[in-house]
Amino acid sequence: MSRSGPNGLVIGGLALILVGTLYNAIQINNAEQLGIDNQKKLDEILKNGVRTSGQSGGGGGFSGDVVNNATLMGEGCLTDQAKAALVDPSNILTQPTQCRAKGEHTRGGTLRSVLASDPRGLNPYIANGADVTEYGLLMNDYMAERDINNPDKWLPRLAVSVTTPDDGLTYIVKLQEGVYWHKPTVDWESGDFDWLKGDGPDGRHEFTADDYVFVWDMMQNQQVAGRIDSMRNYFEAMESFEAIDDHTLKVTYNERLYTNLANLLELYPSPRWLFMYDQDGRKYEEATWGLKLNEHWYNQKGIGVGPYKFKAWESGVKLEFEANEMYWGEPPAFDRILRPVVKDQNAFPRKVKAGEVDITSIQPEQYKTVVLDADGEILDNEHIKTTKFATLTYFYMGWNLDDPKFEDKRVRQAMTMSFDRQGIIDSVFHGLGTLHTGPYPQQVACYDKSIEPYPYDIDAAKALLEEAGWTDSDNDGIRDKVINGEKVPFEFTFLMYGSSTEYETLASIWREALLEVGVKMTPSPVEWSTMLKKMDEREFDVYSGAWVPGWDTDLMQLWHSSEADKPQSSNRIGFRNEDADRIAEELRRTFDEDRRTELCHEFHALVHEEQPYTFFYARERPVLYWDHLNEPQFSLNWPYQDKRYWSFQSAPER
Amino acid sequence: MQHAEDPTYGEIVWGQFQKRKIGMTSLYALLALVALAVYVPILASNKPFLWVVAGEATSPWLASLFDRNFYENAVDIFFNVLMVTSPLVVPGIIWRFKSTKGLPGDEKKSKRRIAIFMALGLIVAVFAGVTAFPTQSEKTVYPRMEQKLLDQGEEVTAVYPVLPYSFRDTNVRESRLGSSFSHPLGTDSAGRDVMTRLVFGTRISLTIGVFAVAIYITIGIVVGAVAGFYGGRVDSAIQRIIEVVICIPSLFLILTMAAFIEDRSIFHIMFIIAIVRWTGPARLVRAEFLRLRRLDFVAAAEAAGYGTRHIIFREILPNAIGPVLVSATFGVASAILVESTMSFLGLGDITVPSWGQILNSGRTTGVWTLILAPGFAIFLTVSLLNLVGEGVRDALDPKLRK
């Protein structure tokens, strides 16, 4: 009876493991084989002198011309209108230091790069997520953009001139003329969408100042939820936003704040002629359009005035963009940008090796096995190159300051000292990062490089805890202290994201060191959604986090005490410090760069001393790419992988 | 009354089992594995057996055995209790079994039972003792301490086990070493010796297997017995519940439940496994009960006025237990696999060195020893359990008697 039941199950399980291992081995083997085959084909083509570059045809329908704009610095890539506007000395915008694709490059071809997960939507004002910003920049344009080489400077994009007649309370923005929206990606043949046609060439709509006023309207309408909801507090000081004529905007503020300008310039236009109408061309009613917009039929597609048009999005399969042939600015470097979805991060190097993608970022462990452990060529192919790029992101452990255990700054310093950060960066993250000490990214002037990180020192940590009153009074190896008349042992849980092996290892290392100090830590790896919930509700002793600051870091959101009592705020650790409040408020109103740096450094020293976070490291991210791509340039500012600055060196042979 | 020469049912089965070579060999190998699990601190620990500093001799190894700061997991403490009590328990039971060999059935049974109860009582008492009065001491990493003292010019004598490593102490400066004489299987990304973690993993895997199965077999027997004995509406109600549980894909259910539990420990994992697996034995027991319910001996027991509980558990159950035993042996193997799967997917208990945990770190780091070693350990254990299970099944089958 049931002879085959459980027996079959176990044997099935065994077989599954075996098959899994074999499959994995075969797949790796296949990938290698593919790589070798590709290499052979490539060699053959090179030997026979057949080149596809400059010809139409070839794998990706490649039609391109070799462009050299190495000398075209500065105004070479600006429109005439922008050039003329930059002459005005009161214009805040400046000359770009480089055109987008640098050096000698070939226009055309398909850039393929992996996509780890689908975005939540493509409307940048509705869908939340860092990835949406990246697609937004491909499809759309900001008013002005930070220079990729010098992020303190602003380059003209949709705005050709930005002036402020009364030094920061009013901004007059002159917009580029002759810019047309993409044609929406709909079934034009059916005739159901004729109502969407505009007056411009090929039924396009012209971009006007009203497309920005619509963004203001969305911000004013509390019904509109999603991304725009979290943007609202950045625009609290904005009083009015009006179109003077079709290409001029006037923006007024009720308070001069340092962050006003950046927040204004980094806005996308959004088309009123599309988002105010339902699928059949009926206009939404005045009372409910905000709610309707949240579920708008076009939110799963993308539209903009930018260099690439949205082409297709198949969830779990691919996201695809194509060049906007009527782009108003410098012509895009690629014909197509294809993002095939690959959910398993472990497969990324194999995808490059097999030639399925041109570029991918990789994990630290993969960097170790693929790059550091490679003898000679990476993945046995001379055409695969690697580079790494620094990011503004820093990682930290945030202490719950409302917990009496972590009230004392000496305790927090001791926690930091028992955490072998450098050792972990070297052994677990394979050197991909540098020790971090404060609330700013390391690349900006605000970050004080003279501040020494706390050393890894178990004895010093013990001494600090003794000093703070934590002693092992009952000789059980765990320190304790009488708090509110009750003896509390020093035990806490470490809330962390569960699916990261690096963090699992890190937790084990920290845990053992803490035990040596006399503190018992229990790691609690949880799902991302649980983690978010617990952080929002402050149900943690300490959590592992990462912060992606902008080029200008506004301290209010993270560090001001007024944020500490709000539910679900970013100051989830409950940091309350009068000096910190004073500096944060003053920084918002200080425009003088020297004074700003001074204040920043003061703040940095304060936070380092207080250690409300155990600052960990700022990471570098490694990438693998095929050398038919020019060495990719990475932006310091988000999005780091700004594909508009990439280009092919030669036509990829596929 | 049984005659002295008449073998009991247990003895018949055991005799049959002994005749099956593969089964016996596997059983011995499995016992060796259990012995490994019990005695592993003697093989691997970074606490020295003997530690002499400045003429003062201590045994940190001995002191660490019940140290809740070091052996944090109750499983380890339990196995250490087994280790400490085994010099008394094992010879005692063997002697008692030998000395009762020639006695008549009932007397033999009761004497042996008393011996087993005494042994279990001793183990439980010691375990309760060390759990109720836990020893905890400050953490000292002895190899490092030794180095420090030697550097200061002091004289230190330390005698370590063969593998002078701990399953938990990390060392970032020695991470990801390859195989060498001192680290037979290398080290993992936190610098822990893989061999040491692997042998300690035996404890975790065996415990999960045995306990999870014990839990779900108990649930299954009770539910199945009730369904089979009463039949009718009770039976159909229970059957519908079982069908609902079976309908849900078990791996999916396990993963969902694991995601909801915070601070997962291996005990949660055992319960999760038990919750999805109890339906199998429940159905087996029910079927047996439906068959046995109509036999004369049940009617006789009822006529004799025994209560329902007595009839179910003392009369019918002993006759129905055979198939359940077989499924239990296979169940242990599959529970070990489930735990490995969960750990592999990052849903296990990360503070214990389970095999699945090691396997998972091997997958992400690509260090081959981290994949092959636990893979082989799982394969070996599961195969042995299956072979033993097959032996028991054949031994229980009257048609296959040799």
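Preceding this section is the structure that the text describes.
Residues numbered from 1 in each chain as written. Chains lettered and ligands numbered in written order. Predicted model: local features only at pLDDT ≥ 70, side-chain atom pairs only at ≥ 80, totals over all residues. Heavy atoms only, no water.

Novice: Even after reading the chapter, I still don't get the overall build of chain A, so can you show me in this structure?
Specialist: Looking only at helices and strands, chain A features 19 helices and 21 strands. Here the analysis covers contacts within chain A between residues at least 6 apart in sequence; of these, 71% occur between residues at least 24 apart. Roughly 27300 Å² of accessible area belongs to chain A as shown, and the carbon and sulfur atoms make up 48% of that amount. (Helix = DSSP H or I, 4+ residues; strand = E, 2+ residues; numbered from the N terminus. Contact = heavy atoms within 4.5 Å. Areas by Shrake-Rupley, 256 points an atom, 1.4 Å probe, with all protein chains shown as cover.)

Novice: I tried to follow the sheet that holds strand β3 (residues 156-159) of chain B on my own but got confused; where do I start?
Specialist: All names here are of chain B. Strand order in the open sheet formed by 3 strands is β2-β1-β3, with antiparallel pairing between adjacent strands. A strand with exactly one partner marks an edge of an open sheet, and here the two such strands are β2 (56-58) and β3. Taking the axes of each pair of neighbouring strands and ignoring which way they run, one obtains an average angle of 10° across the sheet. Where strand β1 (residues 50-53) lies against β2, 3 bridges are found, and the strand directions are antiparallel. Along β2, the bridge assignment pairs Val 52 with Ala 57. Each of β1 and β3 is contacted by helix α6 (residues 142-151), which is oriented at about 25° to β1, the strand it contacts most. (Pairing = 2+ DSSP bridges. Axes fitted to C-alpha atoms, helices over the stretch in contact; angles between N-to-C directions.)

Novice: Hey, could you run me through the packing of aromatic side chains in this one?
Specialist: Where two aromatic rings form a pair, the distance of their centres and the angle of their planes describe that pair. Applying the stated criterion to the full structure yields 55 aromatic pairs over all chains. Considering the side-chain rings of Tyr396(A) and Tyr613(A), the 3.8 Å spacing of their centres and the 5° angle between planes classify their relative orientation as stacked. Pair noted here: Tyr396(A) is in strand β14 (residues 384-399) and Tyr613(A) is in strand β21 (residues 613-626), with a separation of 217 residues, a long-range link. One exposure class covers both Tyr396(A) and Tyr613(A), and it is buried. Note that Lys47(B) overlies the ring of Phe70(B), its terminal NZ or CZ placed 4.3 Å from the centroid. Across the ring face of Phe229(B), the terminal group of Arg293(B) is positioned such that the distance to the ring centre comes to 4.3 Å. (Phe/Tyr/Trp six-rings, centres within 6.5 Å; stacked < 30°, edge-to-face > 60°. Buried < 20%, exposed > 50% of the residue type's maximum accessible area, 1.4 Å probe, protein only. Lys NZ or Arg CZ within 6 Å of the ring centre and 35° of its normal.)

Novice: Hey, could you run me through the sheet that holds strand β7 (residues 170-175) of chain A in this one?
Specialist: Strand pairs in the sheet, formed through backbone hydrogen bonds, run parallel or antiparallel to each other. Residues and elements named next belong to chain A. The antiparallel open sheet is built from 4 strands, whose spatial order is β6-β7-β9-β8. Only two strands of the sheet have a single partner each, and these edge strands are β6 (159-163) and β8 (238-245). Averaged over all pairs of adjacent strands, the angle between their axes in this sheet comes to 20°, without regard to strand direction. The pairing of β8 with strand β9 (residues 248-253) spans 6 bridges and is classified as antiparallel. Each residue of the ladder has a partner; that of Phe 241, found in β9, is Val 251. Sheet strands touched by helix α4 (residues 210-220): β7, β8 and β9. Its angle to β8, the strand with the most contacts, is close to 155°.

Novice: Help me understand the side chain of Asp235(B), please; the structure alone is not making it clear to me.
Specialist: Residue and element names in this part refer to chain B. Tracing the backbone through its elements, the reader meets Asp 235 in helix α8 (residues 232-247). What makes Asp 235 buried here is its relative accessible area of 9%. Engagement of the side chain of Asp 235 in a polar contact is seen with the side chain of Arg 286, the distance being 2.6 Å. Excluding its chain neighbours within four sequence positions, the residues that come into contact with Asp 235 are Ala 227 and Arg 286. (Polar contact = N/O pair within 3.5 Å; in protein donor to acceptor, adjacent residues only side chain to side chain.)

Novice: Would you mind showing me how to read the interface of chain B and chain A here?
Specialist: Reports of interface size often rely on the accessible area that becomes lost once the parts have come together. Counting residues at the interface gives 46 residues for chain B, matched by 45 residues for chain A. Buried area between chain B and chain A, summed over both chains or domains, comes out near 3900 Å², and the portion from carbon and sulfur atoms is 53%. In terms of surface lost to chain A, no three residues of chain B exceed Lys139(B), Val172(B) and Ile350(B), which account for 16% of the buried area on that side. If you look at where chain B meets chain A, you find 7 salt bridges. Across the pair Arg173(B) and Asp420(A) runs a salt bridge whose closest N-O atoms are separated by 3.4 Å. Our count for the chain B to chain A interface comes out at 9 residue pairs in polar contact (both at pLDDT 80 or more). (Buried area = accessible area lost by both parts, 1.4 Å probe. Salt bridge = Lys/Arg side-chain N within 4 Å of Asp/Glu carboxyl O.)

Novice: Explain the environment of Leu138(A) here, please?
Specialist: Residues and elements named next belong to chain A. Along the chain, Leu 138 falls in helix α3 (residues 130-139). Separated by 235 residues in sequence, Leu 138 and Asp 373 have C-alpha atoms that sit 35 Å apart. The contacts of Leu 138, once residues within four sequence positions are left out, are Gly 306, Pro 307, Tyr 308, Phe 321, Ile 337, Lys 643 and Arg 644.

Novice: Can you walk me through the pairing of β1(B) in this structure?
Specialist: For a regular strand, side-chain orientation follows a simple rule: the groups alternate between the two sheet faces. All names here are of chain B. The side-chain alternation of β1 yields one buried face, formed by Trp 51 and Val 53, and one unburied face, formed by Leu 50 and Val 52. For β1 and β3, the ladder comprises 4 bridges, and the chain directions are antiparallel. Bridge pairing links Val 52 to Thr 157 in β3. What sits between β1 and β2 in their antiparallel hairpin is a turn of 2 residues, with Ala 54 showing a positive phi close to 55°.

Novice: What exactly am I supposed to notice about the packing of helix α2 (residues 21-43) of chain B against helix α4 (residues 74-99) of chain B here?
Specialist: Packed helix pairs are specified by the crossing angle of their axes together with the interaxial distance, meaning the distance between the axes. All names here are of chain B. Running from amino to carboxyl end, α2 crosses α4 at an angle of 85°, the nearest separation of the two axes being 8 Å. Regarding the angle of α2 to α4, the classification is roughly perpendicular. The segment α2 lies against α4, with Ala 37, Val 38, Tyr 39, Pro 41 and Ile 42 engaging Phe 79, Asn 80, Leu 82, Met 83 and Ser 86. Of the residues assigned to the contact of α2 with α4, the class counts are 8 nonpolar, 2 polar and no charged. (Parallel < 35°, antiparallel > 145°, perpendicular 65-115°, else oblique. Nonpolar A, V, L, I, M, F, W, Y, C, P; charged D, E, K, R; others polar.)

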